[in-house]
Amino acid sequence: MKKSSTLIVLSGAILLTSCVSKKKYVALDQELQDTRSTLQRTVVEKEELEGKFAKIEARVADYNAKINSLKESSNDQMVMVDDIAAISNNTKEKMRETLTKVDPNKLQQAKTLKDSMNLAVSHNLKNSLDDSLKEDEDISINIDNTVVMISISDKMLFKTASYRVSDKANDILQKLANVINSEPSIEVMVEGHTDPRTISNAVVQDNWDLSVKRATSIVRKLQNSYNVDPAKLIASGRSSYKPLVDNNTQENMAINRRTKIVLLPNMDKFFAMLSAN
């Protein structure tokens, strides 16, 4: 009886030990699976971080390359011209070359970089329009607040008191259109100006009307005859209220009768384009 009791107790102990080992095994196995899952997530996250880091490194390398390129290409660095326009040093060198061809008397009057730029652009623009116009008093070219302004006497474009464009205007308008069409960044405003003498007839009510009709005539001519994109064109009239000189003589009134072509370009591209021409 005693032996039997001992066997029962021993068997129970073995069975209990077996149950505890199985539970421990299941727990350890679950822990192993969890560790494997965590490791797998860590590997994936590591790969994602490495990918992001590689992209950041590539961007940093690209920025450094651009910075080094800017440092090496000092000729392309932009400089301000009297706070009105930005031009590159390379363009500035081209401007200096152009100034060697400008009338020395005019060059002596240039006191600032803006004055020099004005002379250089005027010289190149007149060259691009026509060599015969370089000293023509009926055309003046100036730069003011980043725009190029070309003033053309009305006798080169219209007959007296008329808004119909004359045939003798074809040559200058063709060359002007070539300049406009060669540079996408240019927009063009055409301003009509008159003298103060009263005008009124069946088709023109007053000087306001005449100045606007002259502007729209030039705009239509540029669009229809010389293929200038109409989206780049603006027509406006100033009547007689923006005279260049007092309207006290016939000669002065002739000066005030004009059409102003205002080019609104990227100055650096514009001057580079004119230099290339």
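The structure this text deals with has already been given above.
Everything quoted here is computed from the prediction, not taken from an experiment.

Draft legend 1. Molecular detail of the overall build of the chain. For the chain, the helix and strand inventory stands at eight helices and seven strands. Sequence separation of at least 24 residues holds for 63% of the intrachain contacts in the chain that already meet a minimum separation of 6. Put simply, the chain shows about 17500 Å² of open surface, and 53% of that area lies on carbon and sulfur atoms.

Draft legend 2. Focus on the pairing of strand S5 (residues 187–193). Burial within S5 is extensive, with five of its seven residues counted as buried. Relative to strand S7 (residues 258–264), S5 runs antiparallel, the two sharing seven bridges. Paired with Val190 across the strands is Ile261, a residue of S7. Both S5 and strand S6 (residues 233–237) contribute to a ladder of five bridges, which runs parallel. In the sheet register, Val188 faces S6, and the bridge partner there is Leu233. Between S5 and its parallel partner S6, the chain crosses via helix H6 (residues 207–226), and the hand of that crossover is right-handed.

Draft legend 3. Region of the structure containing the packing of aromatic side chains. Going through the model one piece at a time under the given rule, you end up with one aromatic pair. A ring pair is formed by Trp208 and Tyr241, whose centres lie 5.5 Å apart and whose planes are at 35°; its orientation type is tilted. One end of the pair, Trp208, is in helix H6; the other, Tyr241, is in the loop between S6 and helix H7 (250–256), and 33 residues separate them in sequence.

Draft legend 4. Region of interest: helix H5 (residues 170–181). The end-to-end C-alpha distance of H5, which contains 12 residues, comes to 16 Å, matching closely the 16 Å that a straight helix rising 1.5 Å per residue would cover. Burial in H5 covers these residues: Ile172, Leu173, Leu176, Ala177, Val179 and Ile180. Down the axis of H5, the buried side of the element spans an arc of 160°, and every buried residue falls inside it.

Draft legend 5. Representation of the pattern of salt bridges in the model. One pass over the structure, following the stated rule, counts nine salt bridges. A single network of salt bridges, built from pairs that share partners, joins Asp154, Asp195, Arg197, Arg214 and Arg257.

Draft legend 6. Region of interest: the pairing of strand S4 (residues 147–153). Judged by how many residues are buried, S4 sits mostly within the fold: seven of seven residues are covered. The alternating pattern of S4 places Val147, Met149, Ser151 and Ser153 and Val148, Ile150 and Ile152 on opposite faces, both of which are buried. Relative to S7, S4 runs antiparallel, the two being bridged by six bridges. Looking at S7, one finds that Ser153 is bridged to Arg258.

Draft legend 7. How the structure looks around H6. With 20 residues, H6 should reach 28 Å at 1.5 Å per residue; the first-to-last C-alpha distance of 27 Å fits that figure. Looking at H6, one finds that the buried residues are Asn207, Asp209, Leu210, Ser211, Arg214, Ala215, Ser217, Ile218, Val219, Leu222 and Tyr226. Tucked inside the fold, the buried residues of H6 contact H5, S5, S6 and S7. At the N-terminal boundary of H6, the capping side chain belongs to Asp206, with an oxygen 3.1 Å from the backbone nitrogen of Trp208. At the C-terminal side of H6, Asn227 shows a positive phi close to 60°.

Draft legend 8. The arrangement of the nonpolar core in detail. Ile150, Leu173, Val188, Ile218, Leu222, Ile261 and Leu263 are the most contacted members of the largest nonpolar core, which totals 38 residues. At six residues, H5 tops the list of elements feeding residues into this core. Once residues lying within four places of it in the same chain are set aside, the contact partners of Ile261 are Val148, Met149, Ile150, Ile152, Leu176, Val188, Met189, Val190 and Ile218.

Quick notes on the rules
- Residues numbered from 1 in each chain as written.
- Predicted model: local features only at pLDDT ≥ 70, side-chain atom pairs only at ≥ 80, totals over all residues.
- Heavy atoms only, no water.
- Helix = DSSP H or I, 4+ residues; strand = E, 2+ residues; numbered from the N terminus.
- Contact = heavy atoms within 4.5 Å.
- Areas by Shrake-Rupley, 256 points an atom, 1.4 Å probe, with all protein chains shown as cover.
- Buried < 20%, exposed > 50% of the residue type's maximum accessible area, 1.4 Å probe, protein only.
- Pairing = 2+ DSSP bridges.
- Right-handed = clockwise from strand over helix to strand, strands pointing away.
- Phe/Tyr/Trp six-rings, centres within 6.5 Å; stacked < 30°, edge-to-face > 60°.
- Expected span 1.5 Å × (residues − 1).
- Arc of directions from axis to C-beta.
- Salt bridge = Lys/Arg side-chain N within 4 Å of Asp/Glu carboxyl O.
- Polar contact = N/O pair within 3.5 Å; in protein donor to acceptor, adjacent residues only side chain to side chain.
- Core = buried A, V, L, I, M, F, W, Y, C linked by side-chain atoms within 4.5 Å.

Everything listed is a geometric property; what it means functionally is a separate question.
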